[in-house]
Amino acid sequence: MRRRPNPIASILNATTLAILGGIFILGIGVGIAFSSTASPNLENVASREAIDRSAPNPELCIQYGASAMVTDMRVFVTLNPFNVYVTQPSMRPGCVLRRNNWAILEKRNLVTSDQVKSCKNRMNTFGFTGPLEGNPEIECIYQNEVEDNLFLTKPGGGSSPSETDKF
């Protein structure tokens, strides 16, 4: 004699499977949400906005240039025997000004006309760390050419930056 399936057991099994499946999918969603959110602490700089907020004089920097991450590092080279030694890099927030906004630094007497002339002759721009009202470190810096940046010219990686990205 053939036994009929119990309809209550079938519903219970289907309901149990649906509940377990829902809990599994919910767990994956919660895990993704926790792992992909950026915490605003200094140990996790995950967005351009976080870098912009950390820049010295953030409003001025965003309006007249771009916020930046500045890495200070020293390299020691010995010749006999030939070796290269690198110090531990230190990271801090900074700002890069567009060439047509250097007057901001000149008006505040932070750079001299000779420094501006020298930097302009080399087709460079100025970058700084520290607030302009305090004791900022200002340097004449050189912009890397796009052709030498393998991150931007990777095949299939999209187009090169536009001319508006030139400082």
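Residues numbered from 1 in each chain as written. Predicted model: local features only at pLDDT ≥ 70, side-chain atom pairs only at ≥ 80, totals over all residues. Heavy atoms only, no water.

Asker: I'm lost on the pairing of strand S5 (residues 125-129) in this one. Help?
Answerer: Burial analysis of S5 places five of its five residues in the buried class, the great majority of the element. Side-chain alternation along S5 places Thr125, Gly127 and Thr129 on one buried face and Phe126 and Phe128 on a second face that is also buried. Pairing of strand S4 (residues 90-97) with S5, which is carried by two bridges, proceeds in the antiparallel orientation. Of the residues in S5, the one forming a bridge with Val96 is Gly127. Pairing of S5 with strand S6 (residues 137-141) involves five bridges; the strand directions are antiparallel. Directly across from Phe126, in S6, lies its bridge partner Cys140. (Buried < 20%, exposed > 50% of the residue type's maximum accessible area, 1.4 Å probe, protein only. Helix = DSSP H or I, 4+ residues; strand = E, 2+ residues; numbered from the N terminus. Pairing = 2+ DSSP bridges.)

Asker: Help me understand the pattern of salt bridges, please; the structure alone is not making it clear to me.
Answerer: Under the counting rule described, the total for this entry stands at five salt bridges. In this structure, Arg48 engages Glu49 in a salt bridge whose closest nitrogen and oxygen atoms are separated by 3.9 Å. A salt bridge links Arg48 to Asp52, with the shortest nitrogen-to-oxygen separation between them at 3.6 Å. One end of the pair is Arg48 and the other is Asp52, both in helix H2 (residues 48-54) and four residues apart, which spans about a single turn. The class of Arg48 is exposed, set by a relative accessible area of 59%. With relative accessibility at 13%, the residue Asp52 sits in the buried group. (Salt bridge = Lys/Arg side-chain N within 4 Å of Asp/Glu carboxyl O.)

Asker: For this particular structure, what's the right way to read the nonpolar core?
Answerer: In globular proteins that are soluble, nonpolar side chains generally tend to be buried together. Counting residues in each nonpolar core, the largest one holds 14 residues, and the members touching the most others are Leu60, Leu97, Trp102, Leu105, Phe126, Phe128 and Leu132. If you list the elements that add at least two residues to this core, you get helix H3 (58-64), S4, helix H4 (103-107), helix H5 (113-121) and S5. (Core = buried A, V, L, I, M, F, W, Y, C linked by side-chain atoms within 4.5 Å.)

Asker: What am I meant to see in the sheet that holds S4 here?
Answerer: One key point about sheets: their strands pair by backbone hydrogen bonds, in either a parallel or an antiparallel sense. If you trace the four strands from one edge of the open sheet to the other, you get S1-S4-S5-S6, paired in antiparallel fashion. The open sheet is flanked by strand S1 (65-72) and S6, the only strands paired with a single partner. Pairwise comparison of adjacent strand axes, ignoring direction, gives a mean angle of 35° for this sheet. (Axes fitted to C-alpha atoms, helices over the stretch in contact; angles between N-to-C directions.)

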